[in-house]
Each structure stands twice: as structure tokens, then as C-alpha cells.
Amino acid sequence: MEFDANVHRCTLVIDQQLPAGLAMNAASVIGISFGKLIGNLVGPDMCSQDGFIYPGVIYAPLPVLLAEGNYLRELQQISGTDPEIFSMPFSALAQSCKTYDEYGERIATAHSEQIELVAMGLIGPKKKITRLTGNLKLYR
């Protein structure tokens, strides 16, 4: 997917029951994955008047929203059937692993219906993402 800030919206949805530290972890992991997988999401580096280089940041606002855990599963199902929406689910299983190898081993033996989602990143057409997330509270 190629991100276009004029057409697309990007948002993170976090389980409202997740403690703050785990919520920050989930948002960070999804953000890193977005940056790797989505073309044109991050802008070029910028330079201050005194010559200090500031690395590029996301082209559009990135709201972090709160939802019930079961709504995350619903978002996963909806986005999975819509080719215009890119979704990045993040699970409690992933968050509990100490290494990537452990994550790979554990997820390979788990059925997706049993995998608890703690966060979801969404990128897609503005109207579609707003329809899915417009009634959710902002994480504060």
C-alpha cells in the first residue's frame, strides 16, 4: 500500500483495559510495522534553522483511540474483507513473548479465534476509517 495523506487516514485502536505501559508498547510496535510496510507514510528529514536534522515523521495525524477488546476482533474481521483497508493486529500473545522465535512458535500453534487482540492499526480511505473509528474515545 502507498499512503496518500489526501486520501487515507491512519489510526491506532487500543484495548481500553490495557495498562498504560502495555498500551504504549502496542502502539510503538504497530507504528514501527506501519513504517516498514506502508510506502510514503513517513516524510523526509527536516532541518532546523540552525542546521539540526530532524528525522521524517508521519505525513498525517495518527490518533490513538480506545475500544473494548471485542471491537478489536470486529475491526480485524471487517478489515480482512476490505482490500482498501490495511490492518495491523497486535495480540496479547505477541506482547507476552520474550523473543521473536518464541512468538513464531506460539502463534503457529494457536487458532486466530483464540488469539486475544490488544491493539489494531488501520490505514485506509478516510471515510471508511472514520466510519469504523469515529465514535471511539481518544486515548489520553
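Procedures and definitions
- Residues numbered from 1 in each chain as written.
- Predicted model: local features only at pLDDT ≥ 70, side-chain atom pairs only at ≥ 80, totals over all residues.
- Heavy atoms only, no water.
- Helix = DSSP H or I, 4+ residues; strand = E, 2+ residues; numbered from the N terminus.
- Buried < 20%, exposed > 50% of the residue type's maximum accessible area, 1.4 Å probe, protein only.
- Areas by Shrake-Rupley, 256 points an atom, 1.4 Å probe, with all protein chains shown as cover.
- Lys, Arg positive; Asp, Glu negative; His and termini not counted.
- Charge placed at Lys NZ, Arg CZ, Asp CG, Glu CD.
- Salt bridge = Lys/Arg side-chain N within 4 Å of Asp/Glu carboxyl O.
- Pairing = 2+ DSSP bridges.

Draft legend 1. Structural detail: the overall build of the chain. Check the secondary structure of the chain and you find five helices and seven strands. Reading the chain from its N terminus to its C terminus gives the helix and strand order β-α-β-β-β-α-β-α-α-β-α-β. When its C-alpha atoms are laid out on the principal axes, the chain stretches across 50 × 35 × 30 Å. Scored against the burial criterion, the 140 residues of the chain give a buried share of 35%. On the chain, roughly 8,600 Å² of surface is accessible, and the fraction owed to carbon and sulfur atoms is 56%. Here the chain holds 11 positive side-chain charges and 14 negative ones, and the gap between their average locations is 7 Å.

Draft legend 2. Region of the structure containing the pattern of salt bridges. One pass over the structure, following the stated rule, counts three salt bridges. Put simply, glutamate 102 and arginine 106 hold a salt bridge, and the shortest N to O gap is 3.6 Å. Placement of the pair is glutamate 102 and arginine 106 together in helix 4 (residues 100-108), with a separation of four residues, close to one helical turn. One salt-bridge network, held together by shared partners, links Asp82, Glu84 and Lys128.

Draft legend 3. Expanded view of the sheet that holds strand 5 (residues 86-91). Judged by pairing direction, the sheet is mixed, and its five strands sit side by side in the order 5-6-1-4-7 without closing on themselves. Only two strands of the sheet have a single neighbouring strand rather than two, namely strand 5 and strand 7 (137-138). Here six bridges tie strand 5 to strand 6 (residues 117-125), and the two strands are oriented antiparallel to one another. Pairing of proline 89 across the sheet is with methionine 120, part of strand 6.

Draft legend 4. Region of interest: the pairing of strand 4 (residues 64-67). Examined bridge by bridge, strand 1 (residues 8-15) and strand 4 share four bridges and lie parallel to one another. Looking across to strand 4, one finds that leucine 12 is bridged to valine 64. Bridge analysis of strand 4 against strand 7 gives two bridges, and the strand direction is antiparallel. Bridge pairing in strand 7 places leucine 66 opposite lysine 137.

Draft legend 5. Expanded view of the pairing of strand 6. Counted residue by residue, strand 6 has nine buried out of nine residues, so it is predominantly covered. In terms of strand pairing, strand 1 meets strand 6 through seven bridges, oriented antiparallel. Along strand 6, the bridge assignment pairs leucine 12 with glycine 121.

Draft legend 6. Molecular detail of unusual backbone geometry. For asparagine 40, which is not glycine, the phi dihedral falls at a positive 65 degrees. The residue asparagine 40 is located in the loop between helix 1 (20-37) and strand 2 (46-47) in this model.

Draft legend 7. Focus on the environment of leucine 22. With respect to the helices and strands, leucine 22 occurs in helix 1. On the basis of relative accessibility, which here comes to 37%, the residue leucine 22 falls in the partly exposed class. Distance in space between the C-alpha atoms of leucine 22 and alanine 119 is 10.0 Å, their sequence separation being 97 residues.

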